[in-house]
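What follows is the residue order along each chain.
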Amino acid sequence: MAAAGRLCALLCLALAAGAAALGKRSPVKVLSDGMWRELLQGEWMVEFYAPWCPACQNLQPEWEKFAEWGEDLEVNIAKVDVTEQPGLSGRFIITALPTIYHCKDGEFRRYQGARTKTDFINFISDQEWKSIEPVSSWFGPSSFLMSSMSALFQLSMWIRHCHGYLTENVGIPAWGSYAVFALATLFSGLILGLIMVFLADCICPSKRHRPPQYPHSRKLAPESAQLLKKLDEEQEADEEDISDDEMEGKEVSNSNSSPNTVRQRPVNPAATMDKS
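The paragraphs below set out a description of the structure included in this document.

Rules used throughout
- Residues numbered from 1 in each chain as written.
- Predicted model: local features only at pLDDT ≥ 70, side-chain atom pairs only at ≥ 80, totals over all residues.
- Heavy atoms only, no water.
- Helix = DSSP H or I, 4+ residues; strand = E, 2+ residues; numbered from the N terminus.
- Buried < 20%, exposed > 50% of the residue type's maximum accessible area, 1.4 Å probe, protein only.
- Contact = heavy atoms within 4.5 Å.
- Areas by Shrake-Rupley, 256 points an atom, 1.4 Å probe, with all protein chains shown as cover.
- Patch = residues over 30% accessible without salt bridge, like charges linked within 9 Å, V, L, I, M, F, W, Y side chains within 5 Å.
- Salt bridge = Lys/Arg side-chain N within 4 Å of Asp/Glu carboxyl O.
- Lys, Arg positive; Asp, Glu negative; His and termini not counted.
- Charge placed at Lys NZ, Arg CZ, Asp CG, Glu CD.
- Core = buried A, V, L, I, M, F, W, Y, C linked by side-chain atoms within 4.5 Å.
- Polar contact = N/O pair within 3.5 Å; in protein donor to acceptor, adjacent residues only side chain to side chain.
- 1 Å grid on protein atoms, 1.4 Å probe; cavity = no way out; pocket = protein on both sides within 12 Å on 5 of 7 lines; lining within 4 Å.
- Points joined across faces, edges and corners; volume = space filled by probe spheres on them.
- Nonpolar A, V, L, I, M, F, W, Y, C, P; charged D, E, K, R; others polar.
- Pairing = 2+ DSSP bridges.
- Axes fitted to C-alpha atoms, helices over the stretch in contact; angles between N-to-C directions.

Turning to the overall build of the protein chain, a few remarks are in order. Regarding its fold elements, the protein chain presents 9 helices and 5 strands. Order of helices (α) and strands (β) in the protein chain, N terminus to C terminus: α-β-β-α-α-β-α-β-β-α-α-α-α-α. Per-residue burial for the protein chain yields a buried fraction of 22% across its 276 residues. Long-range contacts, defined as pairs at least 24 residues apart, comprise 67% of the intrachain contacts of the protein chain with a sequence gap of at least 6. Carbon and sulfur atoms make up 61% of the accessible area of the protein chain, which amounts to about 20,500 Å² in all.

Pasting the structure below:
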């Protein structure tokens, strides 16, 4: 009986310890796409991982142990599942797994040291992160470029989910799903092109529809009018002078020709015969 009682007590203690271990909350914070702005305040160590990655699986025990020291070191320990949070993966351009970033007051540095609890603790306590050049503001998670990359990664994940829904739930073959996305891409490109042409035509209209502009027309209009008027008057005066000269020339020619006609008038031979 005593042996049975001891066995029951040991079983109860084992069950209680297992329940406590299961009920214990992990000190590692889980970040999502909508929580990335929290990284801009305070000090953080963030791990980017994937459940299927063997190296990530080997890192998890050390990362959990390191997270237990987070409160003493005054640093937040977090992790991001890139398969579930593509937006954050795009903001940090994660190309290898696992990837660890150190974040402090809006500055981001990539950790490339050993992956043990002791090395993580020394990296924070000895401020070894100061020897690492921070990421340029052009490629920071809050920059416009990285925000665009985040949106692109989210779009790719959305397309992947749609492809899975069409092939698995609706029953469309894979080539049919690709055809649907190809048509959608062409249609969206056509609509976007029409919008861009419309905006360009509104902002910079073509020369055919652009009204003529004469920037100096108001300034030169009175002067040109006076000049034209003066030229017209001079032309009229010249025409009058020419007409007067022509009239005088005709009168002189007429006066010179009248005596000559009298002196050169021929004599009739019949009249001279009669007189003789």
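Picking up where we left off.
A cluster of acidic side chains, namely D232, E233, E234, E236, D238, E239 and E240, defines a negative patch on the protein surface. Mapped onto the elements of the fold, E239 is located in helix α8 (residues 217-263).

Our focus in this paragraph is the nonpolar core. Counting 19 residues, the largest nonpolar core has L31, V46, F48 and F92 as the members making the most contacts within it. Among the secondary structure elements, those contributing two or more residues to this core are β2 (43-49), β3 (76-81) and β4 (99-104). Considering each element in turn, this core owes the most residues, 4 residues, to β2. The residues touching V46, leaving out its near neighbours within four places in the chain, are L31, L39, W63, A78, V80, T99, I100, Y101 and C103. In terms of nonpolar packing, the next biggest core, distinct from the first, is built from 16 residues, L59, F66, A67 and I77 among them.

This part is about the side chain of R109. With respect to the secondary-structure elements, R109 resides in strand β5 (residues 107-111). Side chain to side chain, R109 and E107 meet in a polar contact 3.2 Å long. From its side chain, R109 meets the backbone oxygen of W129 in a polar contact 3.1 Å long. Setting aside residues up to four positions removed in sequence, R109 forms contacts with I100, Y101, H102, W129, I132, E133 and P134.

What follows deals with the layout of surface pockets. The space that makes up the largest pocket amounts to roughly 160 Å³. In terms of residue class, the lining of the largest pocket is made up of 4 nonpolar, 2 polar and 4 charged.

Let's shift gears to the sheet that holds β5. Backbone-to-backbone hydrogen bonds join strands into a sheet, with any given pair of strands oriented parallel or antiparallel. If you trace the 5 strands from one edge of the open sheet to the other, you get β1-β3-β2-β4-β5, paired in mixed fashion. Across the chains shown, the open sheet's two edge strands, defined by having one partner strand only, are β1 (29-30) and β5. Bridge analysis of β2 against β3 gives 6 bridges, and the strand direction is parallel. Along β3, the bridge assignment pairs F48 with V80. Across the sheet, helix α2 (residues 54-67) is in contact with β2, β3 and β4; its angle to β2 comes to roughly 160°. Where helix α5 (residues 117-125) meets the sheet, it contacts β2, β4 and β5, and its direction lies at approximately 145° from that of β2.

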